[in-house]
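So the chains spell out like this:
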Amino acid sequence: MNENRRVAVVTGASRGAGKGIAEALGAAGAIVYVTGRTVEEGQAALPGTVAATAEAVTAAGGMGIAVACDHADDRQVEALFARIAGEQGRVDILVNNATCLPDGLVDAGPFWEKPLALTDIWNVGMRSHYVASWYAAPLLLKSDAGLVVNTSSFGGRIYMHGPAYGAGKAAVDKMAHDMAVDFKPHNVAVVSLWMGLLLTERTKRVFEAEPEKYADLAATSEHPEFTGRVIDALSRDPARMERSGRVHIVAELAQDYGVVDIDGEPRPSHRAFFGPPTEFGDAVIE
């Protein structure tokens, strides 16, 4: 077991947001368990594997540990945290990022003209966040400063890609609020983070296909590592419990903590266009 390095788990980290978050936590010196289903190149339409992400974490200065895990299978998630319990004895940071992006998600049109499979995002992306947190809870309680992060988006507040996507994001936002109530006596903070448009492998393909069309949008996009840098800063904040149970915009937390993107530049908040984060009531009924 390692007493000095923070122990982090980033789910859904073969590529995209999870990969960038894991690398940023690695750059901050953490032991990072990265999960995903892709173990060999070519298994997915986009590049990236869990092993490649783990190697990038180690190269950045941390200790990357790849774990093949399908978050639709509770037994695999149970095995993941049983392994971490045996190897590390605790979890300091859990980033619930694994999600399902079904075909047809971004197609135009009403929900009834899109595949019913869009509801899969309620399994991997909503339910899987709950399951991972459930299995991680005993290990988070052993941390001196535990943190759970649900990656989310403005889709939890506005119409974005239709009701299946919106319901999934709104659910993980509320889940963070409610879990924070249960975790509060144990000094474990729980937040939901609204990320901006990320420069992931998927987004880059779109931008590269029509660079002139997306030039302005690309200029305000966030690198996935940006969210990871913010999570690192939040986890180190002695007053992090004051932010627990709330939804936060990544770009605004970055401003508070003096965090910039990997290009050395700040990123704008989209609050003016999309509105403020969702706020929940303070009443607790047990």
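Up top you'll find the structure we're talking about.
Overview of the structure. (Residues numbered from 1 in each chain as written. Predicted model: local features only at pLDDT ≥ 70, side-chain atom pairs only at ≥ 80, totals over all residues. Heavy atoms only, no water.)

## Describing the overall build of the protein chain
Within the protein chain, the regular secondary structure consists of 10 helices and 7 strands. In terms of its C-alpha atoms, the protein chain occupies a principal-axis envelope of roughly 50 × 45 × 40 Å. Taken across its 286 residues, the protein chain has 52% of its residues classed as buried. Considering only contacts in the protein chain between residues 6 or more positions apart, those separated by 24 or more positions represent 72%. As presented, the protein chain carries roughly 13,400 Å² of accessible surface, and 53% of it is formed by carbon and sulfur atoms. Counting 26 positive and 37 negative side-chain charges, the protein chain places the centres of these two groups 2 Å from one another. (Helix = DSSP H or I, 4+ residues; strand = E, 2+ residues; numbered from the N terminus. Buried < 20%, exposed > 50% of the residue type's maximum accessible area, 1.4 Å probe, protein only. Contact = heavy atoms within 4.5 Å. Areas by Shrake-Rupley, 256 points an atom, 1.4 Å probe, with all protein chains shown as cover. Lys, Arg positive; Asp, Glu negative; His and termini not counted. Charge placed at Lys NZ, Arg CZ, Asp CG, Glu CD.)

## Re the pattern of salt bridges
Enumeration over the complete set of coordinates arrives at 13 salt bridges. With a shortest N-O distance of 2.5 Å, E23 and K19 are connected by a salt bridge. Of the two residues, E23 and K19 both sit in helix α1 (residues 16-27), 4 residues apart, roughly one turn of that helix. Judged by relative accessible area, which is 17%, E23 ranks as buried. The salt bridge involving R243 is made with D237; its shortest N-O contact spans 3.9 Å. Take R243: its relative accessible area is 17%, and that puts it in the buried class. One salt-bridge network, held together by shared partners, links R6, D232 and R236. (Salt bridge = Lys/Arg side-chain N within 4 Å of Asp/Glu carboxyl O.)

## Things to note about the nonpolar core
Formed by 30 residues in total, the largest nonpolar core has its most connected members in V10, L25, V32, V95 and I231. In this structure V32 touches A8, V10, A22, L25, G26, V57, M63, G64 and I65, once residues within four positions along its chain are discounted. Within the second largest apolar cluster, 27 residues are counted, among which are C69, V131, A176 and A180. (Core = buried A, V, L, I, M, F, W, Y, C linked by side-chain atoms within 4.5 Å.)

## A few points about the packing of helix α8 (residues 224-236) against helix α9 (residues 250-257)
Packing of α8 against α9 leaves a shortest axis separation of 10 Å and a crossing angle of 50°. In terms of orientation, α8 and α9 fall into the oblique class. Helix-helix and strand crossings are classified by hand; for α8 and α9 the assignment is left-handed. Facing α8, whose interface residues are F226, T227, V230, A233 and L234, α9 presents V250, A251, L253, A254 and Y257. (Axes fitted to C-alpha atoms, helices over the stretch in contact; angles between N-to-C directions. Parallel < 35°, antiparallel > 145°, perpendicular 65-115°, else oblique. Left-handed = near helix turned anticlockwise from the far one by under 90°.)

## Examining the state of the cysteines
Applying the stated criterion across every chain yields a total of 0 disulfides. Residue C69 stays outside any disulfide, its sulfur separated by 15 Å from that of C100, the closest cysteine. On the basis of relative accessibility, which here comes to 3%, the residue C69 falls in the buried class. (Disulfide = S-S within 2.5 Å.)

## What to know about the environment of Y159
Topologically, Y159 is positioned in the loop between β5 (147-152) and α5 (163-183). Y159 sits in the exposed class, given a relative accessible area of 62%. Sequence separation between Y159 and G36 is 123 residues; the distance between their C-alpha atoms is 28 Å.

## Thoughts on helix α2 (residues 50-60)
Residues V50, T53, A54, A56 and V57 constitute the buried set of α2. Along the long axis of α2, the arc covered by the buried residues comes to 160°, so they all point the same way. Counted as exposed and oriented over 90 degrees from the buried face of α2: E55 and A59. On its buried face, α2 is in contact with α1, β2 (31-36) and β3 (63-68). (Arc of directions from axis to C-beta.)

## Overview of the environment of T220
Within the secondary structure, T220 sits in the loop between α7 (215-219) and α8. Residues T220 and L197, spaced 23 residues apart in sequence, show a C-alpha to C-alpha distance of 7.9 Å. Excluding residues that lie within four positions of it along the chain, T220 makes contacts with R267, P268 and H270.

## Some thoughts on the packing of aromatic side chains
The tally for this structure, following the rule as stated, stands at 5 aromatic pairs. Both rings, one in F154 and one in W194, keep their centres 4.9 Å apart while their planes meet at 50°; by these two values the pair is tilted. Separated by 40 residues along the polypeptide, F154 in the loop between β5 and α5 and W194 in strand β6 (residues 189-194) bring together distant segments of the chain. A relative accessible area of 0% places W194 in the buried class. Of the residues examined, F154 reaches a relative accessible area of 3% and is grouped as buried. Site record: aromatic cluster; members linked through ring pairs are F154, W194, F273 and F274. (Phe/Tyr/Trp six-rings, centres within 6.5 Å; stacked < 30°, edge-to-face > 60°.)

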